[in-house]
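Observations on chain architecture
Listed below are the residues making up each chain.
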Amino acid sequence: MATGWMWMLVPWRGGWTPRSKERGREEDRHVRANDREFNEKFSYADNRIKTSKYNIFTFLPINLFEQFQRVANAYFLVLLILQLIPEISSLSWFTTIVPLVLVLAITAIKDATDDFFRHKSDQQVNTRQSQVLIRGKLENEKWMNVRVGDIIKLENNQFVAADLLLLSSSEPYGLCYIETAELDGETNLKVRQALTVTSDLGADIGRLAEFDGEVICEPPNNKLDRFIGTLYWRDNKYPLDNEKMLLRGCVLRNTEWCFGLVIFAGLQTKLMQNCGRTTFKRTSIDKLMNTLVLWIFAFLICMGIILAVGNTIWEVKVGRNFWAYLLWDELLSNAVLSGFLTFWSYIIILNTVVPISLYVSVEVLRLGHSYFINWDRRMYYSKKDTPAEARTTTLNEELGQVEFIFSDKTGTLTQNIMVFNKCSINGNTYGDVYDEFGHKVDVTEKTPCVDFSFNPLRDQKFRFHDSSLVEAIKLEEPLVQEFFRLLALCHTVMPEERSEGELLYQAQSPDEGALVTAARNFGYVFRARTPETITLYEMGQPVTYQLLAILDFNNVRKRMSVVVRNPKGQIKLYSKGADTIIFDRLDPSNEELMYTTSEHLNEFAGEGLRTLALACKDLDEDMFKEWMKKLLSASSILENREEHLGALYEEIEQGMMLLGATAIEDKLQEGVPETIACLTLANIKIWVLTGDKLETAMNIGYSCNMLRDDMNKVFIISGHTMLEVQQELRKAKSHILGISSEKCSNGESGKAQLYNSDSVFEETIIAEYALVINGHSLAHALEADLEKLLLDIACLCKTVICCRVTPLQKAQVVDLVKRHKRAVTLAIGDGANDVSMIKTAHIGVGISGQEGMQAVLASDYSFAQFRFLQRLLLVHGRWSYHRMCNFLCYFFYKNFAFTLVHFWFGFFCGFSAQTVYDQWFITLFNIVYTSLPVLAMGIFDQDVNEQYSLRYPNLYKPGQTNLLFNKRKFFICTLQGICTSSLLFFIPYGAFLSSVRDDGSNISDQQAFAVTIATSLVIVVSVQIGLDTNYWTAVNHFFIWGSLAMYFAIMFAMTSDGLFSIFPNQFPFIGTARNSLSQKSVWLVILLTTVVCIMPMVVYRFLRTDLRPTLSDKVRLMQQATRRQGPQEQNLKRVRRTSSRRSAYAFAHQQGYGELITSGKNMRVANSAQSVPSLDMKENGSGCTESAQKKNGSTDETIGTAVADSDEKTSGIAHSLKTKPAD
C-alpha cells in the first residue's frame, strides 16, 4: 500500500521502478503462459510507460521543492519572512513577495508545459492497440493493459509491445524478421527463430490458449544482446537465448504474423532499462551563482554584524543620552537588543546586493535567446519544413561552454543513403564527367544524368552521370557484362516483387543493396531467388543460374563468393571483398591490371568512397565435384567446423581473375566534414558513439576527416576479457607517453613532470592519435578499475570512436567524462537508442530524422541537420554565454554600487538602519530605472557578428575555461561596485559639508542628499552600461535614454504637489527634487561623481585594448575596418578526404545469410525462373546521356550535399528477406 502511494507521488526518473521486497530480490523470473493469477503473485511491472515527472497532486510540492533547491529562491523566502516582522523591517513585504512569486510562477508554468507534452507522449504509447489472447480468443487491448505471461499476436510492420518469447510465425520453421533501429540504430533486418516445439502451434488459437509452458529466466536487465532462460513444457526443458526474443521497440518486418509470450513488460523491458535517468539540468553558471549567493550572504552577514556592533557601541556611548527624550519601552532600552534588531534590519535593507529581479531578468534573457534560436532561418531545413527548436530555456549559455560532443553516427552524421558512385572495370574508370575539352568537371545538381529508359525494370531513383558505361554495356563488352553479372549474383539480397516490374530489395546492409541496384539499372536485374537458383534479367532476357554454393562473409574472410552454373553448363566462381584480400588470391597474369586497379582504388579512397574488389574464376567440373565432397564432409564436423570450412573456401578462392572495383559513397549529411573541422578548431572534442560495426564506423571517421592517414597511430581496442582490454589500453598509453617522452628528451616539450598532470599534459601532445573501441571491450573498460585509464587515453587522442555500443553504454561514456572532467558535454542523436546519452549529457540535441521523434522529445534542442550544430554553438551559444556573463558582471556591479551606499551611511546615522534613498526609489531602481537597459544588452549584445564568429572558431575558447564570468570576475565586479558606492556617498557628502544654496541657506538636508546620490547613481550605471555595450541597436538607445528620462519623470512626479495632495502619507517630500536639482552646485557634484566613477574604467579598458587586446578585441577591430564592404559569408573550402585507406565494407559486417538461403528455410515457394516473361530492353535504348531528371541534392556544391548516411539505420530496409514468386 505504501509502495503504491509512493509510486503516485515520486516522479519517474528513467530506469527506476519501485519494487516490493520480494521483487527487489528477484534472481530468477518465473512466467507461466496464459496464467495471470500465477504471474500476479510476483508483482511484475505492467506494460504502462511513465516518462513524465509530475501529476496533478504532486506538481506543486515537487516543483516548489525543485525550485527552492536554487539557493537564491530559498534566500528570498527567508528575507520575505523577516520582512513580515515589524520590529526589524524597514521595507514593505511586497518589495520581495511580488518578484518571488513571479519567478516561481513563470518557472512552474514552463515546467508544467514540458511535462504536459511528456504526458501526451506517454498516453499515445500506452493506448496503442495490441491483440492479446484472453480466455481463448484474441481481444484488442491497450498496451498498458498487457501483462507478463500474456500471449500477443503481432502483424507485419507493427511495433513489438513488450519483450516477447517468439512462439510461432507465418514463416517456415518459425522464422521472423525484425528491424532493431530503435534499439541499436541498425535497419538491416535480423532473423529470429522460434523453438520447433512451439512453432508447431502455428496460428491455432485453441492450441495457443492451451499452451501452459513455464519460462524461468534471468531478471530484468539492460543487456540487449543477451538472454538466458529455459522453457519447461510437457516434462521437457528447452534452452532459450536472445535469438528467440523479440524486444520492445523492434518492428516486425516481412512477416505476416507471429505470436509471442510476454516475458518483460513496461519499465522492465530492455529498451526502458536502457533509457537512463531524467535529471534536472542546470548550467554551470547556475551552480556558480548558487556559490556566489552563499558568499554574498556571508558578506551580508559580515556587514550586518559590523553595523550591529556599531549600533550597540553607539547606543552605549551616544544613544543613551537621548533615551530620556524617546518614548521607548524598557525592553528596547537595551543596547545589545538594539544591536540584535539592527542586525536583522540591515540584513533586510542590504539584501538588494542579490535582488530577486536578477533571477527574473535571467529567465527573460534565456527566453529571448531561445526565441533567437527558434527564429534563425539559417537553421531552418526547408526540405522537411523543420525549424530549429529550443525545447528548454535554461541551458542557452551552456551552449557557449561545450568541450565534448558525443555524436551518434547513422542519421546524425549520415543520411542512410548508399550511392553507387564510380567503378573500375578492366583498367578503365567510370563515373567521372568531362567537358568538351576533356577536362574533369564536378558533378552538380545540373549535371545531366544517364538515360536508363532502355530498361523498364530500372530503379527510378538511381542516378549516374557517366554515359560511357551504358555505351559499354550496349556494345556487349564481355568484361563489363561479367562485372555487372557478378554484382547481380554475388550477394544475399532477397527480392520482393509487389507488382509486375516493381522490385524491392531487402539487404543485410545498404551497401549490398546499392550494388545490386546498380547492376539492375545497367541491365542485369536480380529478379528472383530459390534455394537452388538465381534468376536474372540480362538486358531484358531471363537467365537462370543454378546456385551451387555460397561462401559466406565473415570478419576474418572479409570477402564473399558464390559458385553458380550458367545456362551453358559452365561453373563460375564470383567473389567480392577487400582489395588486399582479393589481390592476394589473383592469378599472376593479373599483375598489371592489379596495379592499375590499385591506383583507381587509391583515387576512390581519397574521395572517401567505400571500395570493393571484384574477381571471378572458371571451375573445372571434376575439381568442383571433389571440392563439394570435402565441403559436405566439413559441414558435418562438430568441432572446429568454421576452421575447416574456412580452409576449403581458401582452397577454391585461388587463381581468380580480376574484373575491377566498385566505389560506393556513404553519404554524409550536408556540411558534416566542415562542421567537424570548425568545431575542432574551437577546441571541441568530438566522440562518435555508434551501434554500427567497427569498420563501417571507421570508414565514416575517414570520410569526416576525423581519422586521417597522417595520424601517428589509430589504436583499436578489441579485447574480449578485462585483462586483454587492460593490456591494450596500457600499451596505447605507453606508446603515446613513450613518443612524447622522446620529444621531451629532445627539448620539444619541456619538463617531464607534465606527465603527472593529464590536463596539462594533453596540451603538450603534438602527435595526433585516434582511439577506436568496440562494445564488448568498452564494457570492460567502463569498469571501475579501468575507466580512469580509458578516459586518460581518450583525452590524449584527437579522435575517439566507440562502435557496437548499447544505448546504456553511450550514457555511461558521457557520464564518465562528466564525472572526471570539469567540462560541459553535449550529446546529439536522432533515434531512440540515443535517448539515454541525450538525457545524461549536460545538453541534449535531437536530430529530427527518419527514426521518429524519440530523440527530439528527450532533447533540449532540436533541428534537422548536423551542420546546424556549428551555428548553434559558435553563434547562438557563444553569444548567449557572452551576453549572460556581461549581464551578470554588470548586474552585480550595479547592485553593489546601489546597496552599499546604505553601509557607508550607517556610520553617519547612528547605525539606525535608516535608508539613504526613499522607499519608492529602492522599489523602482531594479524594476524600472535600470531593468530595461541591462535586458537590452543581455538580449542583443554581440562582441563580433555571426560571420566572424564562424570564421574565427577560437573565439569560442573563453567559454570553455569560464574566462568571462568566474569567481575572480565576480570579485572584480564586487570591488568595482564597492568603490563606486563609496564614491557615490563620500563625494556628495564632502561637497555638501560646506556648500550652500544660491540664497545662502544650508543645502545638506537628508532628502536633497538622497536625491543627489540617487541621480548620480542612475547616471553612473547608465554610462557604465553604455561602455559595456558592444553592439548598439535602436532598442539599446531607447532603453538607456528612456530609463534616464523615466527616472526624472517619476522622481519629479513623486515630489509634486499633485501626488502630495492625493496621497500625503505616501509622498510627503514635496518639492525635494525641484529644489535640489535647481541648484548648479548639485549638478556639479553629480557631474564630478559621474566622472570620478567612470574615468578609471575608461582608462583601464583603453589601455587593455591597446596593450593586451584579446582575440575578440582584434576581431572586432577587423570587423569595424571591413564594415563598409558589407557582411561576408564564411567560405570554407570543401573538405575532401585525402586518405589512401581503402575499405571493403559494401556488405554486412556480420555472418551473412548464406546458410539460411541455401537451406531454403526462408523460402515459401521455389518457383522456376522460366515462369518469368522476357523483356526486350534493346528496343528502348536511345540517348544515353539525355535525361530530364535531376538529382535531389547537389553532389558537389558543398560536401554536405555530396555526403550522407551510412548503413546503421537505413529506412529502405523496411520489409522482408523472403523471396516471393516471380510473375
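Residues numbered from 1 in each chain as written. Predicted model: local features only at pLDDT ≥ 70, side-chain atom pairs only at ≥ 80, totals over all residues. Heavy atoms only, no water.

Some details on the overall build of the protein
- If you tally the helices and strands in the protein, you get 43 helices and 35 strands.
- In the protein, buried positions account for 59% of the 1223 residues.
- Partitioning the intrachain contacts of the protein with sequence separation of at least 6 by distance along the chain shows that 77% fall at a separation of at least 24. (Helix = DSSP H or I, 4+ residues; strand = E, 2+ residues; numbered from the N terminus. Buried < 20%, exposed > 50% of the residue type's maximum accessible area, 1.4 Å probe, protein only. Contact = heavy atoms within 4.5 Å.)

What to know about the UniProt feature "active site" (unreviewed entry) in the protein
- What UniProt calls "active site" (unreviewed entry) maps, in this numbering, to Asp408.
- Structurally, Asp408 can be placed in the loop between strand S15 (402–407) and strand S16 (414–425).
- At 3.5 Å, the side chain of Asp408 forms a polar contact with the side chain of Thr412. (UniProt positions renumbered as here; feature names shortened; annotations may be inferred. Polar contact = N/O pair within 3.5 Å; in protein donor to acceptor, adjacent residues only side chain to side chain.)

Notes on the sheet that holds strand S7 (residues 190–193)
- Sheet architecture is open: three strands sit in the order S7-S6-S12, paired in antiparallel fashion. A strand with exactly one partner marks an edge of an open sheet, and here the two such strands are S7 and strand S12 (251–253). The average angle at which neighbouring strand axes cross in this sheet is 45°, direction not considered.
- Here strand S6 (residues 175–179) runs beside S12; their pairing, made up of three bridges, is antiparallel. Residue Ile178 lies in a different strand from S12, and its bridge partner there is Leu252. (Pairing = 2+ DSSP bridges. Axes fitted to C-alpha atoms, helices over the stretch in contact; angles between N-to-C directions.)

Looking at the packing of aromatic side chains
- Tallied over the entire structure, the rule returns 56 aromatic pairs.
- An angle of 65° between the planes, with centres 5.7 Å apart, marks the rings of Trp257 and Phe259 as edge-to-face.
- For Trp257, a relative accessible area of 18% puts it in the buried group.
- In this structure Phe259 comes out as buried when scored by relative accessible area, which is 1%.
- With centroids separated by 5.0 Å and ring planes inclined at 90°, the aromatic side chains of Phe985 and Phe986 adopt a geometry described as edge-to-face.
- Note that Arg29 overlies the ring of Tyr44, its terminal NZ or CZ placed 3.8 Å from the centroid. (Phe/Tyr/Trp six-rings, centres within 6.5 Å; stacked < 30°, edge-to-face > 60°. Lys NZ or Arg CZ within 6 Å of the ring centre and 35° of its normal.)

Focus on the sheet that holds strand S10 (residues 236–240)
- If you trace the four strands from one edge of the open sheet to the other, you get S1-S8-S9-S10, paired in antiparallel fashion. The open sheet terminates on both sides in strands that have one partner only, identified here as strand S1 (29–32) and S10. Averaged over neighbouring strand pairs, the angle between their axes works out to 20° when direction is ignored.
- Note that S1 and strand S8 (residues 214–217) share four bridges and pair antiparallel. From the neighbouring strand, Arg29 faces S8, where its bridge partner is Cys217.

Observations concerning the packing of helix H30 (residues 868–906) against helix H32 (residues 931–940)
- Direction vectors running N to C along H30 and H32 enclose 160°, while the axes themselves pass 7 Å from each other. In this view, H30 runs roughly antiparallel relative to H32, as classed from their interaxial angle. When the axes of H30 and H32 are compared, the crossing they make is right-handed. Judged by residue contacts, Arg883, Asn886, Phe887, Tyr890 and Phe891 of H30 engage Val934, Met937, Gly938, Ile939 and Phe940 from H32.
- Its residues assigned to classes, the contact of H30 with H32 shows seven nonpolar, two polar and one charged. (Parallel < 35°, antiparallel > 145°, perpendicular 65-115°, else oblique. Left-handed = near helix turned anticlockwise from the far one by under 90°. Nonpolar A, V, L, I, M, F, W, Y, C, P; charged D, E, K, R; others polar.)

A short note on the environment of Thr806
- Assignment of secondary structure puts Thr806 in the loop between strand S32 (799–803) and helix H27 (807–820).
- Along the sequence, Thr806 and Asn274 sit 532 residues apart, while their C-alpha atoms lie 8.0 Å from each other.
- Those residues in contact with Thr806, other than ones at most four positions away along the chain, are Leu224 and Asn274.

Some details on the pattern of salt bridges
- In total, this model carries 45 salt bridges according to the counting rule given.
- In this structure, Asp511 engages Arg610 in a salt bridge whose closest nitrogen and oxygen atoms are separated by 2.4 Å. Here Asp511, found in helix H16 (residues 510–521), pairs with Arg610, found in strand S27 (residues 610–619); they are 99 residues apart in sequence, far enough to count as distant. Both residues of the pair, Asp511 and Arg610, count as buried.
- Among the charged side chains, a network of salt bridges with common partners joins Glu482, Arg485, Glu538, Lys572 and Asp618. (Salt bridge = Lys/Arg side-chain N within 4 Å of Asp/Glu carboxyl O.)

Notes on the state of the cysteines
- By the definition in use, this model includes zero disulfides.
- Considering cysteine sulfurs only, Cys889 is the nearest to Cys885, which forms no disulfide, with 6.6 Å between them. (Disulfide = S-S within 2.5 Å.)

Re the packing of helix H5 (residues 71–83) against helix H11 (residues 284–317)
- Their axes nearest at 9 Å, the elements H5 and H11 cross at an angle of 35°. Counted together, Val71, Ala72 and Tyr75 of H5 and Asn290, Val293, Leu294, Phe297 and Leu300 of H11 form the full contact between these two elements.
- Among the residues forming the contact of H5 with H11, the class breakdown is seven nonpolar, one polar and no charged.

Observations regarding the confidence of the model for the protein
- Averaged over every residue, the pLDDT of the protein is 81; the share at 70 or more is 83%.
- Across residues 1129–1134 the pLDDT falls below 50, and counting only partners more than four positions away or on other chains, this stretch makes 15 contacts in the model. (pLDDT = per-residue confidence, 0-100.)

Overview of the pairing of strand S13 (residues 257–264)
- In terms of residue burial, S13 counts as a mostly covered element, since eight of its eight residues are buried.
- As defined by bridge partners, strand S4 (residues 151–155) adjoins S13 across five bridges and the pair is classed as antiparallel. Residue pairing across strands places Ile152 opposite Gly260, the latter belonging to S13.
- In this structure, strand S5 (residues 163–169) lies alongside S13, joined through six bridges in antiparallel fashion. Across the sheet, the residue bridging to Asp163 is Phe264, located in S13.

Digging into helix H21 (residues 672–681)
- Within H21, seven of the ten residues are buried, which leaves it mostly tucked inside the rest of the structure.
- For H21, the set of buried residues is Val672, Pro673, Glu674, Thr675, Ile676, Cys678 and Leu679.
- Downstream of H21 by one or two residues, Asn683 has phi in the positive range, about 65°.

Focus: a nonpolar patch on the surface
- Taken together, the side chains of Val1023, Leu1027, Leu1084, Leu1087, Val1091, Met1095, Val1098, Val1099, Phe1102, Leu1103 and Leu1107 present a nonpolar region at the surface, about 970 Å² in accessible area.
- Residue assignment for the nonpolar patch shows that the elements contributing at least two residues are helix H36 (1006–1028) and helix H40 (1080–1107).
- Tracing the chain through its elements places Met1095 in helix H40. (Patch = residues over 30% accessible without salt bridge, like charges linked within 9 Å, V, L, I, M, F, W, Y side chains within 5 Å. Areas by Shrake-Rupley, 256 points an atom, 1.4 Å probe, with all protein chains shown as cover.)

Topic: H5
- Counted at 1.5 Å a residue, the expected span for H5 with its 13 residues is 18 Å, and the 18 Å between its end C-alpha atoms agrees.
- By the burial criterion, the buried members of H5 are Ala72, Asn73, Tyr75, Phe76, Leu79, Leu80, Leu82 and Gln83. (Expected span 1.5 Å × (residues − 1).)

Some points on unusual backbone geometry
- With a phi close to 65°, Ala913 is a non-glycine residue in the positive phi region.
- Counting through the fold element by element, Ala913 comes out in the loop between H30 and helix H31 (919–929).
- Take Ala913: its relative accessible area is 10%, and that puts it in the buried class.
- Residue Asn962 is not a glycine yet carries a positive backbone phi of 55°.
- Residue position: Asn962 is located in the loop between helix H34 (957–960) and helix H35 (967–992).

Overview of the nonpolar core
- Core analysis: the largest hydrophobic core is formed by 97 residues, its most contacted members being Leu358, Leu888, Tyr917 and Phe921.
- Ranked by the residues each element gives to this core, the list is headed by H30, at 18 residues.
- Contact partners of Tyr917, with chain neighbours within four places excluded, come to Ala897, Phe898, Val901, His902, Ile922, Ala1010, Ile1013, Ala1014 and Leu1017.
- Val480, Phe484, Ala514 and Ala518 belong to the second largest nonpolar core, which has 56 residues in total. (Core = buried A, V, L, I, M, F, W, Y, C linked by side-chain atoms within 4.5 Å.)

Re the side chain of Glu66
- Along the chain, Glu66 falls in helix H4 (residues 59–67).
- For Glu66, a relative accessible area of 7% puts it in the buried group.
- A distance of 2.7 Å separates a polar atom in the side chain of Glu66 from a polar atom in the side chain of Tyr54.

Re the environment of Thr198
- Looking at the element boundaries, Thr198 is found in helix H8 (residues 196–199).
- Placed ten residues apart in sequence, Thr198 and Leu208 show a C-alpha to C-alpha distance of 9.1 Å.
- When near neighbours in sequence (up to four residues on either side) are disregarded, Thr198 contacts Leu166, Leu167, Ser168, Phe211 and Leu231.

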